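# What the coordinates show
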2 protein chains.
Amino acid sequence: MEQSHTHVPSECARVAPVLSRIGDKWSVLVVMLLGDGPMRFNELRRRVGGISQRMLTLTLRGLERDGFVTRTVFPTIPPRVDYELTPLGHSLLVPVRELGAWAVRNVSVIEDAQRRFDQAAKGQSQSLEQAAPMSFAK
Amino acid sequence: MEQSHTHVPSECARVAPVLSRIGDKWSVLVVMLLGDGPMRFNELRRRVGGISQRMLTLTLRGLERDGFVTRTVFPTIPPRVDYELTPLGHSLLVPVRELGAWAVRNVSVIEDAQRRFDQAAKGQSQSLEQAAPMSFAK
DNA sequence: CAGTATCCTTCATGATACTG
DNA sequence: CAGTATCATGAAGGATACTG
């Protein structure tokens, strides 16, 4: 129980933005799809499914800015742009896949816990004869 | 290059909320701190540093709802509430620590990439004699 | 094809004040 | 001590229309 991870706020402040990219709505999915090889903008768009053109652009620019993907423009008409993982992007894939695998293994357990929590909360507010304040269900 | 992760949208839809909890501003930090052992509300608040009372409450309720932490109330005066990781919470710690370690190892490389990208973007907009549209720097 | 530009809505987070 | 309640704000994301 003596882990002592040395929680240094300054270090956390630098790491937090990296983790928040993991948590954003599309980045992880895009990185995983690019793990299969380079892809063009609209191919990515189709494979992701449900992403707006705007959000795919923003997501890809963010990943490019972080150094996870390269953007290669072929100045043809019509234009063609390929996106590809960098070595850094590929290395990110390693822990991300582990986290993804963990999530897949545990998602049912989590969903069950959520149902129990929500059920208990409902019973609680019923017994108090009042509506539930501050909902936590996302 | 033949990974074929079988990107099933329905599966992704269930996993995405789990990943987004990883990305939220405080959950990972709280889980890692609780990895050192059970802790009271205000002790957690002090250790996290910079979190509002409201956000700590919301973060803990979310983690409790997901089944990552337990909340134990001691009906004393003044009240005492202990938060502790569940086995599920501890198991989450494994991939999260790996991701954290990856982030710590690579944060400098990422920050360098960001600076290069921002610098290149600045040069680009200078050469076009116009202000930069759509900033990607978070 | 691969974006930009706008507008708009919802959500996450924070500040502050109050309470059993 | 450990919360709730309320209000305010900025960011994230989506819809739609336009363009080299």
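Reference entry: report on the structure contained in this document. (Residues numbered from 1 in each chain as written. Chains lettered and ligands numbered in written order. Predicted model: local features only at pLDDT ≥ 70, side-chain atom pairs only at ≥ 80, totals over all residues. Heavy atoms only, no water.)

### Some points on the relation of the copies chain A and chain B
Where we set the bar: A least-squares fit on C-alpha atoms brings the copies together, and the residues used are those whose pLDDT is at least 70 in both copies. A contact between two residues is defined here by any heavy atoms of the two lying within 4.5 Å.
Superposing chain A onto chain B takes a rotation of 180° combined with a translation of 0.0 Å along the rotation axis, leaving an RMSD of 0.0 Å. Taken together, the rotation and translation describe the operation of a two-fold axis. No C-alpha of chain A lies nearer the rotation axis than that of Gly23(A), which sits 1.8 Å from it. When you check the interface residues of chain A against chain B, 100% turn up at the interface there too, and the contact is symmetric in its surfaces.

### Focus on the protein's contact with DNA strand C
This is how the line gets drawn: For each residue, the test is whether any non-hydrogen atom lies within 4 Å of the molecule or strand; if one does, the residue is near. Polar contact criterion, stated in full: a pair of N or O atoms within 3.5 Å, where within protein one must be able to donate a hydrogen and the other to accept it, and residues adjacent in sequence count only if both atoms are side-chain atoms. A run of H or I in DSSP counts as a helix once it spans at least four residues, and a run of E counts as a strand once it spans at least two, with each numbered from the N terminus.
Taken together, the neighbourhood of DNA strand C is formed by 21 residues, with Gln53(A), Arg71(A), Tyr83(A), Lys25(B) and Arg54(B) sitting nearest. The contact atoms of DNA strand C, taken as those within 4 Å of the protein, divide so that sugar and phosphate hold 63%. A distance of 2.9 Å is found between a phosphate oxygen of DNA strand C and a backbone nitrogen or oxygen belonging to Asn42(A). Arg71(A) is positioned with one of its side-chain polar atoms (N or O) 2.5 Å from a phosphate oxygen of DNA strand C. Among the secondary structure elements, those contributing two or more residues to the surface near DNA strand C are α3 (41–48), α4 (53–65) and β3 (80–85) of chain A together with α4 (53–66) of chain B.

### Brief notes about the sheet that holds strand β1 (residues 39–40) of chain B
Strands in a sheet are paired, the pairing made by backbone hydrogen bonds, and the direction either parallel or antiparallel. Residues and elements named next belong to chain B. Note the cut-off: Two strands qualify as a pair provided that DSSP identifies no fewer than 2 bridges between them. Axis definition: a line fit to C-alpha positions, over the contact stretch in the case of helices; interaxial angles, taken between N-to-C directions, run 0 to 180 degrees.
Overall, antiparallel pairing links the three strands, which are arranged β1-β3-β2 in an open sheet. Each having just a single partner strand, β1 and β2 (69–74) make up the two edges of the open sheet. Strand contacts of α4: β2 and β3 (80–85), with the helix running at about 115° to β2, the strand carrying the most contacts.

### Observations concerning the packing of aromatic side chains
To be explicit about the condition: Note on aromatic pairs: the rings of Phe, Tyr and Trp (six-membered ring only in Trp) are paired at centre separations within 6.5 Å, and the planes decide the class, stacked below 30 degrees, edge-to-face beyond 60, tilted for the rest. Buried means the residue's accessible area, taken with a 1.4 Å probe over protein chains only, is under 20% of the maximum for its type, while exposed means over 50%, and partly exposed covers the values in between. Ring-over charges, as used throughout, are those where CZ of Arg or NZ of Lys falls within 6 Å of the ring centre and within 35 degrees of the ring normal.
Summed over all chains, the structure comprises two aromatic pairs over all chains. Ring centres of Phe68(A) and Trp102(B) lie 6.2 Å apart, and the angle between their planes is 40°; on these two criteria the pair is classed as tilted. Separated into two different chains, Phe68(A) in the loop between α4 and β2 (69–74) and Trp102(B) in helix α5 (residues 87–127) make up a pair that spans both. Comparing Phe68(A) with Trp102(B), the two get one shared label, buried. Positioned over the ring face of Phe74(A) is Arg80(A), at 5.2 Å from the centre of the ring.

### Some thoughts on the protein's contact with DNA strand D
Not every one of the 21 residues close to DNA strand D is listed here, only the nearest: Lys25(A), Arg40(B), Gln53(B), Arg71(B) and Tyr83(B). Atoms of DNA strand D within 4 Å of the protein belong to the sugar or the phosphate in 63% of instances, the rest to bases. Taking Arg54(A), its side chain carries an N or O atom lying 2.9 Å from a base nitrogen of DNA strand D. When residues of the surface near DNA strand D are traced back to their parent elements, those giving at least two are α4 of chain A together with α3 (41–48), α4 and β3 of chain B.

### Thoughts on the interface of chain A and chain B
Stated precisely, the cut-off is as follows: Two parts lose some accessible area (1.4 Å probe) when they are put together, and adding that loss for both gives the buried area. The term salt bridge refers to a side-chain nitrogen of Lys or Arg lying within 4 Å of a carboxyl oxygen of Asp or Glu.
Chain A puts 55 residues into the contact, and the matching count from chain B is 55 residues. Summed over both sides, the interface of chain A with chain B buries roughly 5200 Å², with 66% coming from carbon and sulfur. Scanning the region where chain A abuts chain B turns up four salt bridges. A salt bridge links Arg65(B) to Asp118(A); the shortest N-O distance between them is 2.5 Å. Counting the contacts that link chain A with chain B gives 15 residue pairs in polar contact (both at pLDDT 80 or more).

The values reported here are purely geometric and, on their own, carry no functional implication.
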